[in-house]
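The primary structure of each chain is shown beneath.
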Amino acid sequence: MTAPTTDSNKDRVFIFDTTLRDGEQSPGATMTLEEKLQVAEALDDMGVDIIEAGFPIASNGDFEAVVAVAKQVKRATVAGLARAITADIDRAGEAVRHAQKGRIHTFVSTSPIHLAHQMKKTEDEVIEIIARTVAQARNLIDDVEWSAMDATRTPLEFLKRCVETAIKAGATTINLPDTVGYAVPDEHEKMFRDIITQVPGADKAIFSAHCHNDLGLAVANSLAAVRGGARQVECTINGLGERAGNAALEEIVMALRTRADVMPYHTEIETTHLARASRIVSAAANFPVQYNKAIVGKNAFAHESGIHQDGMLKNAETYEIMTPASVGIKETTLVMGKHSGRAAFKDKLRELGYELGDNAFQEAFQRFKDLADRKKHVYDADIVALVDDEVGSVGDRIKLVDMQVISKTGGVHKCDLTLSIDGEETSVSFEGTGSVDAIFNAIKLAVGKQPHLVLYAIDGVTGGTDAQASAHVRLELNGRLVSGNAAEPDTLVASARAYLNAYNRLLIERGASAQGAMAG
Ligand code: KIV
Ligand code: ZN
């Protein structure tokens, strides 16, 4: 159980990461079990205090993922989410009991609009539900978090009653989410201060903020909540999450660290792990990080204008409020060439934060050799793209065996394609309105499903015409969104492989109940 705030740690802010639960609910961000375990490991190594590993009742896959994360994690508390429903709470308890430190996180809506339209319950009925379900969770485990869904649109007096009831029933953490991203910092700070100072028994619990980013205020609101007395913040790597996302972990942590002069609070996060965690989550969720994303974006430490570059050469502090090294960003270095051997490659992977199993290592090494044959300079970024691509396609049932594309100005655009589908080879041809159209349609013809292309984007991993192309594809089929990524020196091959990577994710089963059981 996370210790309640005492004098000696009253300025410590606990970091509750929900990348694997709220983050994974982001459309298209579904992760496989292996990817979830990889993310959990990165979070645990980084010093995250609580990892919300999933929503065990949502599907068998979600349950298994929470169990697997619970068994793997060494330091952090592992939380499982549950609605205020007996079966949910039992299932979450069953999943997190495998953790060294487990937590049940149960929630119920408290705002008038949710009560009237979604829950169809009165305030008194909600109070009874809170008392009963928190007590049920406390019977299963000592560490229980209770959340008031849509807290920021709940009248203060009713919210106080709810919080008092949850604490009396045994909740050790009280979370007041800004579920719809509606709050502004001043009122958010006040809500926390009012609740913490006015609710009887509030000193027995840790208060937590959980902010969504609909108005771009999630990080500002989280920091305001801390000023108002919250000592846990719920956030995700890269701000992943439904709609506009959740508060970004890396931004909260670096804001607290960089502006400790005005926000005298601290976290136990090892900030040099932030860039790596961002890369791992981006690859696992197939969710690109925007270039100008604070802290971890490609341009976060790039200085383009002459005046800025001049200042930086004289003293980096002229235009940098934190160093790239403090968040784990290393200078892009020219790394290796085609003569580099296995040992050097392994060392480089370790330096970049990767530990691959034997098979994955062999595959990655082979791809590195192929790349070094074709590309004069191989940079760190190339290796990262290559390994992420390799890890992201482990277990793919559909693989690209061979592809030939003919493209002529004003003429034909034809793709001849051979795929291996569950080990069996299929060859098809398709003529499209352009090369990419021909490739994607050839794949659909070979596989037989008809997903809708929602997004297709191409980017260079590094500069130069010989740079690897990084392709990103998002597909939708029967309301389900999936993403795929691939990096290759050839743009068309990268596009085909990204499309196939997404297609493979459509083949990963998700429990039928998962959609219906999503939380905010
Ligand atoms: O946004 C929200 O209210 C949530 C709860 C389930 C904590 O994610
Ligand atoms: Zn949420």
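Sequence positions are assigned chain by chain, starting from 1 and proceeding in written order. Whichever chain is written first becomes A and whichever ligand is written first becomes 1, with later ones labelled in order. Thresholds applied to this predicted model are a pLDDT of at least 70 for local features of residues and 80 or more for the giving and counting of side-chain atom pairs; totals over whole chains, interfaces and linings are not thresholded and use all residues. Heavy atoms throughout the structure, all of them, feed into the side-chain values; hydrogens and water do not.

K.L.:
Sorry if this is basic, but what is going on with the environment of His 472 here?
P.N.:
If you trace the backbone, His 472 turns up in strand β15 (residues 469-477). Judged by relative accessible area, His 472 falls into the buried class, the value being 6%. Considering only alpha carbons, one finds His 472 and Gly 484, 12 residues apart in sequence, at a separation of 5.8 Å. The contact rule is simple, with two residues in contact once any of their heavy atoms fall within 4.5 Å. Setting aside residues up to four positions removed in sequence, His 472 forms contacts with Asn 286, Phe 287, Pro 288, Leu 455, Tyr 456, Ala 457, Ser 483, Gly 484, Asn 485 and Ala 498. Within polar-contact distance, the side chain of His 472 engages the side chain of Asn 485 at 2.6 Å. Helix numbers and strand numbers start at the N terminus; a helix is a DSSP run of H or I with at least 4 residues, a strand a run of E with at least 2. Think of it in three bands: with a 1.4 Å probe and only protein chains considered, a residue is buried below 20% of the maximum accessible area for its type, exposed above 50%, and partly exposed in between. Under the rule applied, a polar contact is a pair of N or O atoms within 3.5 Å (in protein, one hydrogen donor and one hydrogen acceptor; residues adjacent in sequence only if both atoms are side-chain atoms).

K.L.:
How should I be thinking about the domain arrangement of the chain in this particular structure?
P.N.:
Accessible area lost upon the coming together of the parts serves often as the stated size of an interface. Either an automatic procedure or a domain database provided the assignment from which the domain bounds are taken. When cut into domains, the chain gives domain 1 (14-285), domain 2 (302-391) and domain 3 (395-519). Measuring from the centre of the C-alpha atoms in domain 1 to the corresponding centre in domain 3 gives 35 Å.

K.L.:
For this particular structure, what's the right way to read the packing of aromatic side chains?
P.N.:
What describes a pair of aromatic rings is the distance from one ring centre to the other and the angle between the planes of the rings. Working definition: rings of Phe, Tyr and Trp (its six-membered ring) pair if their centres are within 6.5 Å, and the pair is stacked with planes under 30 degrees apart, edge-to-face with planes over 60 apart, and tilted otherwise. Summed over all chains, the structure comprises 8 aromatic pairs. Residues Phe 361 and Phe 365 carry aromatic rings whose centres are separated by 6.1 Å and whose planes lie at 15 degrees to one another, so their mutual orientation is stacked. Taken as a pair, Phe 361 and Phe 365 lie in helix α14 (residues 358-374) at a separation of 4 residues, close to a single helical turn. For the pair Phe 361 and Phe 365, one class covers both residues: buried. Ring centres of Phe 440 and Tyr 499 lie 4.2 Å apart, and the angle between their planes is 25 degrees; on these two criteria the pair is classed as stacked. Of the two residues, Phe 440 sits in helix α16 (residues 435-447) while Tyr 499 sits in helix α17 (residues 491-506), which places them 59 residues apart along the sequence. The burial state of Phe 440 is the same as that of Tyr 499; both residues are buried. Put simply, the rings of Phe 345, Phe 361, Phe 365 and Phe 368 pair up and form one aromatic cluster. For a Lys NZ or an Arg CZ to count as sitting over a ring, it must be within 6 Å of the ring centre and within 35 degrees of the ring normal. Across from the ring centre of Phe 63, 3.6 Å away, lies the NZ or CZ of Arg 91, which sits over that ring. Geometry around Phe 361 places Lys 346 over its ring, the cationic atom sitting 4.6 Å from the centre.

K.L.:
Sorry, what's going on with the nonpolar core here?
P.N.:
Nonpolar side chains in soluble globular proteins generally cluster together in the buried interior. Buried residues of nine kinds, namely Ala, Val, Leu, Ile, Met, Phe, Trp, Tyr and Cys, make up a nonpolar core once their side-chain atoms join them within 4.5 Å. Of all hydrophobic cores here, the largest spans 91 residues; its most connected members are Met 46, Trp 146, Val 163, Ile 174, Leu 176, Phe 207 and Leu 249. The dominant element in this core, judged by the number of residues it contributes, is helix α7 (residues 156-169), at 7 residues. In this structure Leu 176 touches Ala 148, Ala 151, Leu 159, Val 163, His 188, Met 191, Phe 192, Ile 195, Phe 207, Ser 208 and His 210, once residues within four positions along its chain are discounted. In terms of nonpolar packing, the next biggest core, distinct from the first, is built from 28 residues, Val 428, Ala 442, Ala 486 and Leu 500 among them.

K.L.:
Please clarify how the pattern of salt bridges should be interpreted in this entry.
P.N.:
Oppositely charged side chains can pair when the atoms bearing their charge come close. Only one rule defines a salt bridge in this text: a Lys or Arg side-chain nitrogen within 4 Å of an Asp or Glu carboxyl oxygen. Inspection of every chain in the model, using the stated rule, returns 29 salt bridges. Note that Asp 88 and Arg 83 form a salt bridge whose closest N and O atoms lie 2.9 Å from each other. Judged by its relative accessible area of 27%, Arg 83 is partly exposed. When the shortest N-O distance is used, the salt bridge between Asp 422 and Arg 397 registers 2.9 Å.

K.L.:
What should I look at first to understand the state of the cysteines in this one?
P.N.:
A covalent bond bridging the sulfur atoms of two cysteines is what the word disulfide describes. The disulfide criterion is simple: two cysteine sulfur atoms within 2.5 Å. For the coordinates displayed, the defined rule picks out 0 disulfides. Free cysteine: Cys 235, not disulfide-bonded; nearest cysteine sulfur from Cys 211 at 9.8 Å. We classify Cys 235 as buried; its relative accessible area is 0%.

K.L.:
Would you mind going over the packing of helix α8 (residues 185-198) against helix α9 (residues 218-227) with me for this structure?
P.N.:
In a packed pair of helices, the relevant descriptors are the angle between the two axes and the axis-to-axis distance. Running from N to C, α8 and α9 point in directions that differ by 35 degrees, and their axes come no closer than 8 Å. Relative to α9, the crossing made by α8 is right-handed. Contacts between α8 and α9 involve Pro 185, His 188, Glu 189, Phe 192 and Arg 193 from the former and Ala 220, Asn 221, Ala 224, Ala 225 and Arg 227 from the latter. Across the contact of α8 with α9, the residue classes break down as 5 nonpolar, 2 polar and 3 charged. What counts as an axis is a line fitted to C-alpha atoms, over the stretch in contact for a helix, and the angles between N-to-C directions run from 0 to 180 degrees. Crossing handedness: left-handed means the near helix sits turned counterclockwise from the far one by under a right angle, and right-handed means the same turn made clockwise. When residues are sorted by character, Ala, Val, Leu, Ile, Met, Phe, Trp, Tyr, Cys and Pro go into the nonpolar class, Asp, Glu, Lys and Arg into the charged class, and all the rest, Gly among them, into the polar class.

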